[in-house]
Amino acid sequence: MSTPTKPKVVLAYSGGLDTSVILKWLCEKGFDVIAFCADVGQHHEDFDAVKAKAVSCGALKCVVTDLRKDFVENYIFEAIKCNAIYEGKYLLGTSVARPCISKEMVRIANEEGAEYVAHGATGKGNDQVRFEMCAQALDARIKTIAPWRDAEFIESFKGRKDLLAYCTKHGIPVDAKPKSNYSIDENLFHTSYESGVLEDAACTYEESMFKMTVSPKAAPEASTEIDIEFVKGVPVKLTNKADGTVKTDPLELFMYANEIAGANAIGRIDIVENRFVGIKSRGVYETPGGTLLRDAHMDLEGICMDREVKRIAEGMSNEFARLCYNGFWFAPEMDLVRNSVDFSQRDVTGVVSLELYKGNIIARGRTSPNSLYHPDLASMDIEGGGDNFDYNPSDAAGFIRINAVRLKTYAALRAQTRD
């Protein structure tokens, strides 16, 4: 008799305690497990060690894919093009990485003939939604295993103590370093810190926690002056005016933006945000390069984007952030938003000059071949619009009267109500 074929599952694997236990648990449940580790720029990650650990835990193999270039060009720069920000502060560092990772995980599942994918996201967070919504949008046939929502798994592992006992029983190597006081998510775009001691919204954090940025107190006394060039809303060149460093490759440009912004204490926030599942969550984030490029991009839009296009684009930015945060990257409405953003960026080409100093991004000037700014038209020293524009200041009186009609009508109604 032939041996029954085991079902295959592709597990999003980090090499940490949770996913190592999940890997072994899936093997015990009768699955052939293919571990998948995405390189999206985690700091000082030893991927050879991750692969070896996955195999030692029972994986058929461990696939490590370098997604850094894809992540920058097709996800980070997409967010920067529309100035995406969630609830006015969060630059979506974790959110924007999940569709990049999910797409590769589904590709591997299809290549390996796996009908399942699995992840180690908790049942209280956003990542479970993001991974699964992206996976189902990319392949409607795929099924997801989420152990932290599985009654049997939760009953077996009520805390870190149970996870460690399972590792001891099955010979799973455990990192000898003490557990951090918080949960960390790392990629090229940002580093996030949450849970643990940070669950107390009034509790501060240790300066030693940060990986990508220095404190403003430790930042250099001398500022850093740079130029950033954009073409159709995408950063294409970063120049350090002090030492002549020039970066044009998208990945190198973004990594250098991280380096110089982080060295100048740019990109830290501490917020309480609203998760999609309805829970408020406290998070501390550092996003140095993303903060710098977004700031420069918004400055350039000021000189070359039409006022009404800007107003509509700001609404699309909010929608992009909401959809990305909630896991709808591959939804039709996101396609609509992204294509609309591309249209809005047709003329967003030019150079922004900036000075970086102790957590501040200071605009020093901007130029664009598509500039809508005309000094003669704006000048307080020229009565009209100069030689090229027919602008008569006296026309403003009629403009103001027409726009005030509804205000006077409303005021009259309020006066009647008071009487």
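Refer to the preceding data block for the structure.
Residues numbered from 1 in each chain as written. Predicted model: local features only at pLDDT ≥ 70, side-chain atom pairs only at ≥ 80, totals over all residues. Heavy atoms only, no water.

**Student:** Which parts of the structure should I look at to understand the pattern of salt bridges?
**Tutor:** Between side chains of opposite charge, a pair can form as their charged atoms come close. Going through the model one piece at a time under the given rule, you end up with 29 salt bridges. A salt bridge links Glu152 to Lys29; its shortest N-O distance comes to 2.4 Å. Linking Glu152 in helix H6 (residues 151-156) with Lys29 in the loop between helix H1 (17-28) and strand E2 (32-39), this pair joins segments that are 123 residues apart in sequence. The exposure class of Lys29 is partly exposed, given its relative accessible area of 38%. Close ionic contact of Asp270 with Arg282 constitutes a salt bridge, the shortest N to O distance being 2.9 Å. Of this pair, Asp270 sits in strand E11 (residues 268-274) while Arg282 sits in strand E12 (residues 280-286), and the two are 12 residues apart along the sequence. (Salt bridge = Lys/Arg side-chain N within 4 Å of Asp/Glu carboxyl O. Helix = DSSP H or I, 4+ residues; strand = E, 2+ residues; numbered from the N terminus. Buried < 20%, exposed > 50% of the residue type's maximum accessible area, 1.4 Å probe, protein only.)

**Student:** Looking at this structure, how should I read the nonpolar core?
**Tutor:** One recurring pattern in soluble globular proteins is that nonpolar side chains are buried together. Val10, Phe71, Ile228, Phe254, Leu292 and Phe320 are the most contacted members of the largest nonpolar core, which has 72 residues in total. Once residues lying within four places of it in the same chain are set aside, the contact partners of Leu292 are Ile226, Ile228, Ala257, Ile260, Ala261, Leu354, Leu356 and Ile361. The next biggest cluster of nonpolar side chains, apart from the first, holds 30 residues, and it includes Leu11, Ala59, Tyr116 and Phe153. (Core = buried A, V, L, I, M, F, W, Y, C linked by side-chain atoms within 4.5 Å. Contact = heavy atoms within 4.5 Å.)

**Student:** When you look at the packing of aromatic side chains in this model, what are you seeing that I'm missing?
**Tutor:** Applying the stated criterion to the full structure yields 15 aromatic pairs. Between Phe320 and Trp329 the ring centres are 5.5 Å apart and the planes differ by 80°, which places this aromatic pair in the edge-to-face class. Members of the aromatic cluster, each reached through a chain of ring pairs, are Trp25, Trp148, Phe153, Phe157 and Tyr166. Note that Lys247 overlies the ring of Tyr256, its terminal NZ or CZ placed 5.9 Å from the centroid. In this arrangement the basic side chain of Arg346 is found over the ring face of Phe343, its NZ or CZ atom lying 4.0 Å from the centre. (Phe/Tyr/Trp six-rings, centres within 6.5 Å; stacked < 30°, edge-to-face > 60°. Lys NZ or Arg CZ within 6 Å of the ring centre and 35° of its normal.)

**Student:** Mind showing me how you'd approach the pairing of strand E7 (residues 191-194) here?
**Tutor:** Remember that side chains alternate between the two faces of the sheet whenever the strand is regular. Taken together, the four bridges between strand E6 (residues 183-186) and E7 define a ladder with antiparallel strand orientation. When the sheet's bridge partners are listed, Glu186 is paired in E7 with Thr191. Between the antiparallel neighbours E6 and E7 lie four residues. Examined bridge by bridge, E7 and E12 share four bridges and lie antiparallel to one another. Following the sheet pairing, Thr191 is matched in E12 by Glu286. (Pairing = 2+ DSSP bridges.)

**Student:** Honestly, the layout of surface pockets in this entry has me stumped. Any pointers?
**Tutor:** In this approach a probe as big as a water molecule rolls over the atoms, and the regions it shows empty are the leftover space. Here the second largest pocket defines a volume of roughly 320 Å³. Lining the second largest pocket we find 14 residues, and of these Gly41, His43, Leu188, Met255 and Asn258 sit closest to its centre. Among the residues forming the lining of the second largest pocket, the class breakdown is four nonpolar, six polar and four charged. (1 Å grid on protein atoms, 1.4 Å probe; cavity = no way out; pocket = protein on both sides within 12 Å on 5 of 7 lines; lining within 4 Å. Points joined across faces, edges and corners; volume = space filled by probe spheres on them. Nonpolar A, V, L, I, M, F, W, Y, C, P; charged D, E, K, R; others polar.)

**Student:** What is the right way to read the side chain of Asp139 from this model?
**Tutor:** Secondary-structure assignment places Asp139 in the loop between helix H5 (127-138) and strand E5 (143-145). Residue class for Asp139 comes out buried when judged on its relative accessible area of 7%. For Asp139, the contacting residues outside a window of four places in its chain are Val106 and Asn110.

**Student:** I keep staring at helix H10 (residues 307-326) and nothing clicks. Help me out?
**Tutor:** Along an α-helix, residues three or four positions apart point the same way, because every turn accommodates 3.6 residues. Helix length check: H10, at 20 residues, gives a terminal C-alpha distance of 29 Å against a target of 28 Å (1.5 Å per residue), a fit within 8%. Residues of H10 that are buried: Ala313, Met316, Ser317, Phe320, Ala321, Leu323, Cys324, Tyr325 and Asn326. Of the surrounding elements, those touching the buried residues of H10 are helix H3 (68-81), H5, E11 and helix H11 (332-344). Gly327 sits one or two positions beyond H10 and adopts a positive phi of about 95°. (Expected span 1.5 Å × (residues − 1).)

**Student:** Would you mind showing me how to read the sheet that holds E5 here?
**Tutor:** Strand-to-strand pairing in sheets goes through backbone hydrogen bonds, with the strands running parallel or antiparallel. The strand order across the open sheet built from five strands is E3-E2-E1-E4-E5, with neighbouring strands paired in parallel fashion. Two strands lie at the open edges of the sheet, namely strand E3 (61-66) and E5, each paired on one side alone. This sheet shows a mean twist of 25° between the axes of neighbouring strands, independent of strand direction. Pairing analysis gives three bridges linking strand E4 (residues 116-118) to E5, with the strands arranged parallel. Within E5, the position partnered with Val117 by the bridge is Thr144. Across the sheet, H1 touches strand E1 (8-12), E2, E4 and E5, and the angle it forms with E1 is around 175°. Relative to the sheet, helix H4 (residues 97-112) contacts E1, E2, E3 and E4, its axis offset from that of E2 by approximately 145°. (Axes fitted to C-alpha atoms, helices over the stretch in contact; angles between N-to-C directions.)

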